[in-house]
Amino acid sequence: MSEPTPYEKLGVNDEASFEEVRDARDRLLREYEGDESQQEAIEVAYDAILMDRLRARKEGKIAVPDRIRYPERLSTAIPAAMQNNTQRRAPSWLSRLLDTPSQKDIYISLGIFTGLGAVSFFVPAATTWLSFGLIASVYLLTRKENRFGRALLISLSGITIGVILAALTNQVLVLSRLVGDGFFPSSIQMVIILLVMWLHACFLR
């Protein structure tokens, strides 16, 4: 009696599709679960069929789909493409600068700067609130990466941009005759500065 072919061992014919061969292997592995010798014979038969198909493909007899020849591509192609798209979208220097804070961190930093802004309405002392804002910003930024010099630099840039933005807003309102010259409330300007400082402290690192 001749030895059964790999196809016969799996119970499929030599014209079976890859899916049929794979399903037959999986079904037999479940059927002989716990029988290591039978499972090993099933795997050997399956590997022999794949090698036979690959040989036939090299000889130009059949066209083997890429998923048989390169099954690892299925699991890596999509993530790799997504990673490449992400890298194209965000330059490395921008990724190092921007931060994605947790909801808790957003609420904490927002609470600090909202409190400073609210108090500045009742106690107009620009230098004092800018100092407190600077301290808060440096503290929040230092918590992220423990780099005091960088935190101080980002915080000072936040104050600078905030002051410029508040001055430009004042100028636009004056030119638009919405407020009288010099009558733009300093408390509103302070809120603008603190808002910019919060954005720096929360979303930069």
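Reading the values: rules and limits
Residues numbered from 1 in each chain as written. Predicted model: local features only at pLDDT ≥ 70, side-chain atom pairs only at ≥ 80, totals over all residues. Heavy atoms only, no water. Helix = DSSP H or I, 4+ residues; strand = E, 2+ residues; numbered from the N terminus. Buried < 20%, exposed > 50% of the residue type's maximum accessible area, 1.4 Å probe, protein only. Contact = heavy atoms within 4.5 Å. Areas by Shrake-Rupley, 256 points an atom, 1.4 Å probe, with all protein chains shown as cover. pLDDT = per-residue confidence, 0-100. Salt bridge = Lys/Arg side-chain N within 4 Å of Asp/Glu carboxyl O. Core = buried A, V, L, I, M, F, W, Y, C linked by side-chain atoms within 4.5 Å. Axes fitted to C-alpha atoms, helices over the stretch in contact; angles between N-to-C directions. Parallel < 35°, antiparallel > 145°, perpendicular 65-115°, else oblique. Nonpolar A, V, L, I, M, F, W, Y, C, P; charged D, E, K, R; others polar. Expected span 1.5 Å × (residues − 1). Patch = residues over 30% accessible without salt bridge, like charges linked within 9 Å, V, L, I, M, F, W, Y side chains within 5 Å.

A. Broad picture of the overall build of the protein chain. Summing up its helical and strand segments, the protein chain has 10 helices and zero strands in all. Start at the N end of the protein chain and walk to the C end: the helices and strands fall as α-α-α-α-α-α-α-α-α-α. Out of the 205 residues belonging to the protein chain, those deemed buried represent 28%. A fraction of 63% describes how many contacts in the protein chain between residues 6 or more apart in sequence connect residues 24 or more apart. Surface exposure of the protein chain reaches about 14,000 Å², of which carbon and sulfur atoms provide 60%.

B. Region of the structure containing the environment of serine 137. Inspection of the secondary structure assignment puts serine 137 in helix H8 (residues 126-145). Through-space distance from the C-alpha of serine 137 to that of histidine 200 is 7.8 Å; in sequence the pair is 63 residues apart. Once residues within four sequence positions are removed from consideration, serine 137 is found in contact with Phe113, Ser155, Met197 and Ala201.

C. View of the confidence of the model for the protein chain. On average, residues of the protein chain carry a pLDDT of 78, and 77% of them reach 70 or more. Helix H4 (residues 66-69) is the least confidently modelled element of the protein chain, averaging 48 in pLDDT, while helix H2 (residues 18-31) averages 90, the highest of any element.

D. Examining the pattern of salt bridges more closely. On inspection of all chains with the given rule, the structure shows seven salt bridges. With a shortest N-O distance of 3.9 Å, arginine 22 and aspartate 23 are connected by a salt bridge. For aspartate 23, a relative accessible area of 42% translates into the label partly exposed. Notably, a salt bridge pairs lysine 144 with aspartate 99, separated by 3.2 Å at the nearest N-O pair. Residue lysine 144 is located in helix H8, and its partner aspartate 99 is located in the loop between helix H6 (92-97) and helix H7 (103-122); the two are separated by 45 residues in the primary sequence. Among the residues examined, lysine 144 registers a relative accessible area of 29% and is labelled partly exposed.

E. Local environment of the nonpolar core. Within the largest apolar cluster, 15 residues are counted, with the highest numbers of intra-cluster contacts made by Phe113, Leu116, Leu194 and Met197. Counting only elements with at least two residues in this core, the list comes to H7, H8, helix H9 (148-175) and helix H10 (186-203). Counting residues per element, this core draws most heavily on H10, at eight residues. When residues no more than four places from it in sequence are discounted, the contact partners of leucine 116 are Trp129, Phe132, Gly133 and Leu194. By size, the runner-up hydrophobic cluster in this structure holds 14 residues, among which are Leu10, Leu29, Ile49 and Leu50.

F. The arrangement of the packing of H2 against helix H3 (residues 36-58) in detail. Where H2 meets H3, the closest approach of the two axes is 9 Å, and the angle between their N-to-C directions is 170°. Compared by their axis directions, H2 and H3 come out roughly antiparallel. Within the contact between the two elements, H2 uses Phe18, Val21, Arg22, Arg25, Leu28 and Leu29 and H3 uses Gln39, Ile42, Glu43, Tyr46, Ile49, Leu50 and Arg53. Taken together, the residues that form the contact of H2 with H3 break down as eight nonpolar, one polar and four charged.

G. Region of the structure containing the environment of leucine 110. Along the polypeptide, leucine 110 turns up in helix H7. Residues leucine 110 and tryptophan 198, spaced 88 residues apart in sequence, show a C-alpha to C-alpha distance of 6.8 Å.

H. Spotlight on H8. Relative to the 28 Å expected for 20 residues at 1.5 Å per residue, H8 spans 29 Å between its end C-alpha atoms, a close match to the ideal helical length. For H8, the set of buried residues is Trp129, Gly133, Ala136, Ser137, Val138, Leu140, Leu141 and Thr142. Immediately beyond the C-terminal end of H8, within one or two residues, lies asparagine 146, with a positive phi of roughly 55°.

I. How the structure looks around a nonpolar patch on the surface. Where nonpolar side chains cluster on the molecular surface, the patch consists of Val119, Phe121, Phe122, Val123, Ile188 and Val191 and spans about 530 Å² of accessible area. If you list the elements that add at least two residues to the nonpolar patch, you get H7 and H10. It is H7 that provides the largest number of residues to the nonpolar patch, a total of three residues. With respect to the helices, strands and loops of the structure, valine 191 is situated in helix H10. For valine 191, a relative accessible area of 32% translates into the label partly exposed.

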